[in-house]
Amino acid sequence: MERNFTLIILFAALICALGFVPPITLISGVPISAQSLGVMLAGAVLGAGRGALAVVVVVGLVALGLPVLAGGRGGLGVFAGPTVGFLLGWIAAAFVTGWVVSRLQTRFIWLSATIAAVIGGIVVLYLCGTIGMMIVLHKTFGQALLLSLPFIPGDLIKAVVVGWLTAMIGRYRPGALLSRAH
Amino acid sequence: MLSLALPGTSWAHRLSAGVKFGVLAGVMAVMAGLDRPVPLAVAGCAVLGLHATLGWRGLRAGALAMRPVLWIVGLIVIWQLALGTAHEALVLTLRIIAMVGAATFVTLTTPLPDLIALVERLAAPFARFGLSPRLPALAVAMVLRLIPVLRGRMEMLALAWRARSRKRPGPRLIVPMVLSLLDDSDHLAEALRARGGLTPTKLPPRRD
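In this text the structure is predicted, and so the values were computed from the model without any measurement. (Residues numbered from 1 in each chain as written. Chains lettered and ligands numbered in written order. Predicted model: local features only at pLDDT ≥ 70, side-chain atom pairs only at ≥ 80, totals over all residues.)

Considerations on the overall build of chain A
Stated precisely, the cut-off is as follows: By definition, any uninterrupted DSSP run of H or I lasting at least four residues is a helix, any uninterrupted run of E lasting at least two residues is a strand, and each is numbered from the N terminus. C-alpha atoms define the radius of gyration in this analysis, and the globule rule sets the expected value at 2.2 Å times the number of residues to the power 0.38. The contact criterion used here is simple: two residues whose C-beta atoms, placed from the backbone, lie within 7 Å are in contact.
Tallying secondary structure elements over chain A gives eight helices and two strands in all. A compact globule built from 182 residues would reach a C-alpha radius of gyration of about 16 Å, and chain A, at 16 Å, matches this within 12%. In chain A, of all internal contacts separated by at least 6 residues, the share reaching a separation of at least 24 is 71%.

Following this line, the structure appears as structure tokens:
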């Protein structure tokens, strides 16, 4: 109980701390932040349940008015804005990433983790984010999806980085990948 | 880490957090249903008026919170003007600004201790399932304490990397970062257990 609690707390703090890493700007001019990388990594390392709970803690801090999102954003206003689907979608993204990592056995951990991050951190996340924009902006699914398309190349890079990081963590400390521990 | 709440004791600060959240939920539900520009403009002005009662710093903090939203709204308005109608663009802009503004107002006027007390009250019914109502408050306190620790550690790792390499560290430093977190979690868990653990102990019924 205590160990699960501290793991969740520490990864929540890591996701917040990654918000302070200056974003890298792609050639297309779209900034990519390290924060959603932390979300995918929480799922890939901690597993579905604990990864999702770490994100729940971060979302809770945002609701409490703490500026823990990249760029010092936070507060209840985020929940009324067009990006609410992406914030809440993080929870599902971490869960699905962790679930896929624990179920998908390929010859390479990096491959499993990259596929998991693409499914959780891109397919599921963009689905949630797009539904959020449909509701807030009263758009059709296609129109809302179009608004978030510029961010997909950055997230693909992040998914590959998450796969690579997960493999490195597994190589140096095989017991550390709690998503794979049964 | 500082909360976004403004320090002070305005009329809105003195209202209880539960009342503010309840009213906000109602206001949001009503605003989401409005689709005419005039009532939405009235709502927007009312929200602006609320911020104004906090003085200049209230207006400034409200505008600051609106900035990242306006970016997307601007894009939508351009799109609407090109393809749809000006009426739709106006309704959309007014509704989002009014709703985000109202939510921000609650954040600005509710100090963190009030919010944590509210969370503890809401979590109280879950004690039946073995979840301590103090857990959310403990989680918030620990994350806030750990964020500067982890930021400091990331800087240390980056310095250690730079002392040895001319290349940029990139995301590879996240590997030692995560491994150190996994070690920390064992130590923190031991420390928590040594202080009585997290599962609520059965206290004798209070006599008062």
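Some points on the overall build of chain B
What counts, and what does not: Counting other C-beta atoms within 10 Å of a residue's own tells you its class, since 20 or more makes it buried, 12 or fewer makes it exposed, and anything in between is partly exposed; those C-beta atoms are placed from the backbone.
For chain B, the count of helices and strands is eight helices and zero strands. The secondary structure elements of chain B, listed N-terminal to C-terminal, are α-α-α-α-α-α-α-α. Here the C-alpha coordinates of chain B stretch approximately 70 × 60 × 35 Å along the principal axes. Put simply, chain B has 208 residues, and 26% of those count as buried. Within chain B, counting contacts between residues at least 6 apart in sequence, those at least 24 apart form 68% of the total.

As for unusual backbone geometry
In this structure, H138 of chain A is a non-glycine residue whose phi angle is positive, near 55°. By the element assignment, H138 of chain A lies in the loop between α6 (109-137) and α7 (141-148).

Quick notes on the environment of P23 of chain A
All names here are of chain A. The residue P23 is located in the loop between α1 (2-18) and β1 (24-25) in this model. A sequence separation of 48 residues divides P23 from G71, and the C-alpha atoms of the two residues are 9.2 Å apart. Aside from chain neighbours lying at most four places away, what touches P23 is P31, I32, S33 and A70.

With respect to the packing of α6 of chain A against α7 of chain A
All names here are of chain A. This is how the line gets drawn: A fitted line through C-alpha atoms serves as each axis, taken over the contacting stretch for helices, and the angle formed by two N-to-C directions is quoted from 0 to 180°. Each crossing gets its hand from how the near helix is turned against the far one by less than a right angle, where anticlockwise is left-handed and clockwise is right-handed. When residues are sorted by character, Ala, Val, Leu, Ile, Met, Phe, Trp, Tyr, Cys and Pro go into the nonpolar class, Asp, Glu, Lys and Arg into the charged class, and all the rest, Gly among them, into the polar class.
Orientation of α6 relative to α7, taken along the N-to-C sense of each, is 115°, at an axis distance of 9 Å. Along this stretch, α6 crosses α7, giving a crossing that reads as right-handed. For the pair α6 and α7, contact is made by Y126, G129, T130, M133, M134 and L137 and by F141, A144, L145, L147 and S148, respectively. Of the residues in the contact of α6 with α7, the class split is eight nonpolar, three polar and no charged.

Things to note about the confidence of the model for chain B
Put simply, the test is: Per residue, pLDDT measures the predictor's confidence, with a range of 0 to 100.
With 95% of its residues at a pLDDT of 70 or more, chain B has an overall mean of 85. As scored by the predictor, the complex reaches a pTM of 0.87 and an ipTM of 0.88.

A few points about the environment of L182 of chain B
All names here are of chain B. In this fold, L182 is placed in helix α8 (residues 174-194). Judged by the 20 C-beta atoms lying within 10 Å of it, L182 is buried. Placed 145 residues apart in sequence, L182 and P37 show a C-alpha to C-alpha distance of 53 Å.

Structural notes on the interface of chain B and chain A
Across the contact, 48 residues belong to chain B and 44 residues belong to chain A. Elements represented by at least two residues in the side of chain B that touches chain A include exactly α4 (56-83), α5 (86-109), α6 (112-123), α7 (135-164) and α8 of chain B. In terms of residues, the side of chain B that touches chain A owes the most to one element, α8 of chain B, which gives 13 residues. Taken together, the residues of the side of chain B that touches chain A break down into 37 nonpolar, seven polar and four charged.

Focus on the environment of L46 of chain A
Residues and elements named next belong to chain A. In this fold, L46 is placed in helix α2 (residues 35-46). Residue L46 is classed as buried on the basis of its C-beta count, with 29 C-beta atoms lying within 10 Å. Separated by 37 residues in the primary sequence, L46 and T83 have C-alpha atoms spaced 26 Å apart. Among residues more than four places away in sequence, those in contact with L46 are L7, F11, G51, A54, G98, L178 and S179.

A look at the packing of helix α8 (residues 152-172) of chain A against α8 of chain B
Note the threshold: By the definition adopted for this analysis, an angle is roughly parallel if under 35 degrees, roughly antiparallel if over 145, roughly perpendicular if from 65 to 115, and oblique otherwise.
Viewed as axis vectors pointing N to C, α8 of chain A and α8 of chain B meet at an angle of 55°, and their least axial separation amounts to 9 Å. Regarding the angle of α8 of chain A to α8 of chain B, the classification is oblique. α8 of chain B is crossed by α8 of chain A, and the crossing has right-handed handedness. When α8 of chain A is examined against α8 of chain B, the residues L165, M168, I169 and Y172 of chain A are found in contact with a partner set consisting of I174, V175, V178 and L179 of chain B. Residues that form the contact of α8 of chain A with α8 of chain B fall into these classes: eight nonpolar, no polar and no charged.

Things to note about α5 of chain B
Heads up, the rule is: The length a helix should cover is 1.5 Å for every residue beyond the first.
With 24 residues, α5 of chain B extends 35 Å from end C-alpha to end C-alpha; this agrees with the ideal 34 Å at 1.5 Å per step. In terms of burial, α5 of chain B is largely enclosed, as 17 of its 24 residues are buried.

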